[in-house]
Amino acid sequence: MKIICIGRNYIEHAKELNNPVPTEPVFFMKPESSIIRNNFPFFYPEFSKEIHHEAEIVLHICKVGKHIQEKFAHTYYDAIGVGIDFTARDIQQKCKEKGLPWEKAKAFDGSAPISEFIPKESFENLNDLNIKLDINGTTVQDGSSKDMIFSFDKVISYVSQFITFKIGDMIFTGTPAGVGPVQINDRLEVYLDGKKMMDFKVK
Ligand code: MG
């Protein structure tokens, strides 16, 4: 099992971090040890002083595939959930300045809390899925899949040119604008099309 994460997939988010808007998908990976399930708390790591939340729509891969054509990509995922791509922004900034990989900032233990998955048929319109993150009752991120630069199908097709998808793999599809720091004792609630999917605390 692997987690593929798409970076800079919403124009407004790319802008808020002063990143160029990409012309092809940017992706990186998180290991299995990054996953938190069942609303278990996220423990703030000692190595960072600036952990940011990135709320994202997550796809569940249901078929083995490589070199997947975009027109068939929708048959490779069967369910949708949400996740937080926790990012040590201070460390990522240093990695970027030095041209180094991002794993230290993105792939650490607990950096990928993930919800349960819901069959994709239960959603009205996959091209306009709302994702919303509330912290301590205040909405901080509120976006829609319609604002993604690269669609779910495009992302699957692109990544599969390089990496074989296997059943159970997951794709974090990028975060809308509004990322920012979390603090110990914060309560994070994530909604997908109005349905609460996650509710957990930072400890
Ligand atoms: Mg992200």
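The preceding data block contains the structure.
Residues numbered from 1 in each chain as written. Predicted model: local features only at pLDDT ≥ 70, side-chain atom pairs only at ≥ 80, totals over all residues. Heavy atoms only, no water.

Novice: Account for the coordination of the magnesium ion, with residues named and values stated.
Specialist: Looking at the magnesium ion, the protein donor atoms are E54 (OE), E56 (OE) and D85 (OD), and they sit 2.0 to 2.1 Å from it. As a motif over one chain, the donors of the magnesium ion read E-x1-E-x28-D. The two residues E54 and E56 agree in class, both being buried. (Donors = N, O, S within 2.8 Å, 3.2 Å for Na, K, Ca; no water. Buried < 20%, exposed > 50% of the residue type's maximum accessible area, 1.4 Å probe, protein only.)

Novice: Requested: an account of the pairing of strand β5 (residues 55-61), with residues and values cited.
Specialist: Taking burial as the measure, the seven residues of β5 include six buried ones, the bulk of the element. Pairing between β5 and strand β6 (residues 77-84): seven bridges, direction antiparallel. Residue pairing across strands places A55 opposite I84, the latter belonging to β6. Two elements, β5 and strand β12 (residues 170-172), share three bridges in a ladder whose sense is antiparallel. (Helix = DSSP H or I, 4+ residues; strand = E, 2+ residues; numbered from the N terminus. Pairing = 2+ DSSP bridges.)

Novice: Describe the packing of aromatic side chains, with residues and values.
Specialist: Taken as a whole and assessed by the stated rule, the structure comprises nine aromatic pairs. Between the aromatic rings of F86 and F200, the centroid separation amounts to 6.3 Å while the plane-to-plane angle is 85°, which identifies the pairing as edge-to-face. Linking F86 in the loop between β6 and β7 (87-88) with F200 in strand β15 (residues 195-201), this pair joins segments that are 114 residues apart in sequence. Members of the aromatic cluster, joined through ring pairs, are F42, F47, F86, F108 and F200. Taking the ring centre of Y77 as reference, the NZ or CZ of K120 above it sits at 4.2 Å. Its end group placed over the ring of Y191, K132 keeps NZ or CZ at 4.5 Å from the ring centre. (Phe/Tyr/Trp six-rings, centres within 6.5 Å; stacked < 30°, edge-to-face > 60°. Lys NZ or Arg CZ within 6 Å of the ring centre and 35° of its normal.)

Novice: Report on the environment of Q161, specifying residues and quantitative values.
Specialist: If you trace the backbone, Q161 turns up in the loop between α4 (152-159) and β12. Each C-alpha atom of the pair Q161 and K132 lies 31 Å from the other, and the pair is 29 residues apart in sequence.

Novice: An account of the sheet that holds strand β13 (residues 180-181) is needed here, citing residue identities and associated values.
Specialist: Strand order across the open sheet formed by three strands is β7-β4-β13, with antiparallel pairing between neighbours. Either end of the sheet is taken by a strand with one partner, and the two such strands are β7 and β13. Pairing analysis gives two bridges linking strand β4 (residues 51-53) to β7, with the strands arranged antiparallel. Opposite I51, over in β7, you have A88 as the bridge partner.

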